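# Survey of secondary and tertiary structure
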Amino acid sequence: MNIIRIDDPADPRVAPYLDIRERDLVGREGRFVAEGKVVLNVLFSARRFEAESALVLENRLDGLAATLALAPDHLPVHIVSGAVMDAIAGFHMHRGILAIGRKGEPATVDGLLAALPERALVAVPVGISNHDNIGSIFRNAAAFGADAVLLDETCCDPLYRKAIRVSVGAVLKVPFAVGGSAGEIADALSRHGFGQLALSPAGQADIRDIARPARQALYLGTEGEGLPEALMARLTTARIRMAPGFDSLNVAAASAIALHHFTDATD
């Protein structure tokens, strides 16, 4: 490990970590922040994104030996006191385990779909602007063996710090691409031979009555407005049956049920 002691919050070597919350809002010029031991395990082991450096509280270093052993050779690991960590982050950083990753060249929808196997399962969030929900959808996608996630242009950034944390690192593992409109994503899925199913409380069929094709895409909409009417009109629609008098689920819960129903995962 390339251990570097940092005692000055203004040290340029830790500049990417400065004022974390403020920079969450304005962006990091192609970088993202990974937070927590579990997330760093995924970042270092999956190797889908380049890790640039780590920033660790001095009293957490010993417990991170196995995690840091997964990191690229000579990754700079900056060690700081609690006071310096808080000054860098701009708030009390109680977890004390951070890393900077590089987003790299984004995947295209067509490029990602072309690389998927003949039998594939894809989640398609549309208009999901809540980072907790995006993170949960990625976590469910990883848990139930989805091959990719396609997000329309109105979804929030899955590489936002909170979304990565809620996903327990799944955003760094499950391939994803951000497309244009939901209609443009639907066109791409049609070109690549996917059956497309829109989940909605108003869906025509019970999800349990639908057999999965070899290539299946599941559309997930917002909890208020749901999926766009134009999209619903062109797709097969399905609902998750619930008790009388109750007709809606959190989108994260709905994604878990639907992905579980169509998964190929086995023990």
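As the structure is a computational prediction, the values presented were derived from the model and not from experiment.

Summarising the element assignment, T67 is placed in helix α3 (residues 65-68). Overall, the relative accessible area of 1% leaves T67 in the buried class. A distance of 2.7 Å separates a polar atom in the side chain of T67 from a polar atom in the side chain of N41. When sequence neighbours within four positions are dropped, the list of residues in contact with T67 reads K37, L40, N41 and F44.

Mapped onto the secondary structure, A114 falls in helix α5 (residues 109-114). The exposure class of A114 is exposed, given its relative accessible area of 54%. In this structure the C-alpha to C-alpha distance between A114 and L189, which are 75 residues apart in sequence, comes to 9.9 Å.

Spatial strand order, β1-β4-β3-β5-β2: five strands in an open sheet with mixed pairing. Strand pairing shows two members of the sheet lacking a second neighbour, β1 (2-5) and β2 (31-35), which therefore form its edges. Neighbour to neighbour, the strand axes of the sheet diverge by 25 degrees on average, direction disregarded. Bridge analysis of β1 against strand β4 (residues 76-80) gives four bridges, and the strand direction is parallel.

Turning to helix α2 (residues 37-46), its buried residues are V39, L40, V42, L43 and F44. Of the surrounding secondary structure, the elements contacted by the buried residues of α2 are β2, β3 (50-57), α3, β5 (97-102) and α7 (161-166). R47, located one to two residues past α2, shows a positive phi value of around 60 degrees.

The next subject is the pairing of strand β11 (residues 215-220). Along β11, six of the six residues are buried, which leaves the element largely enclosed by surrounding structure. The alternating pattern of β11 places R215, A217 and Y219 and Q216, L218 and L220 on opposite faces, both of which are buried. When strand β6 (residues 120-125) meets β11, the two strands line up parallel, connected through six bridges. Along β11, the bridge assignment pairs P125 with L220. Pairing of strand β9 (residues 195-199) with β11, which is carried by four bridges, proceeds in the parallel orientation. By the bridge assignment for β11, Q196 is matched with A217.

All right, on to the packing of aromatic side chains then. Summed over all chains, the structure comprises three aromatic pairs. Judged by centre distance (5.6 Å) and plane angle (90 degrees), the ring pair of F138 and F176 falls under edge-to-face. Residue F138 is found in helix α6 (residues 131-143), and its partner F176 is found in strand β8 (residues 176-178); the two are separated by 38 residues along the sequence. Here F138 matches F176 in class, with each residue buried. Against the face of F91 rests R21, its NZ or CZ located 3.8 Å from the ring centre.

Criteria and cut-off values
- Residues numbered from 1 in each chain as written.
- Predicted model: local features only at pLDDT ≥ 70, side-chain atom pairs only at ≥ 80, totals over all residues.
- Heavy atoms only, no water.
- Helix = DSSP H or I, 4+ residues; strand = E, 2+ residues; numbered from the N terminus.
- Buried < 20%, exposed > 50% of the residue type's maximum accessible area, 1.4 Å probe, protein only.
- Polar contact = N/O pair within 3.5 Å; in protein donor to acceptor, adjacent residues only side chain to side chain.
- Contact = heavy atoms within 4.5 Å.
- Pairing = 2+ DSSP bridges.
- Axes fitted to C-alpha atoms, helices over the stretch in contact; angles between N-to-C directions.
- Phe/Tyr/Trp six-rings, centres within 6.5 Å; stacked < 30°, edge-to-face > 60°.
- Lys NZ or Arg CZ within 6 Å of the ring centre and 35° of its normal.

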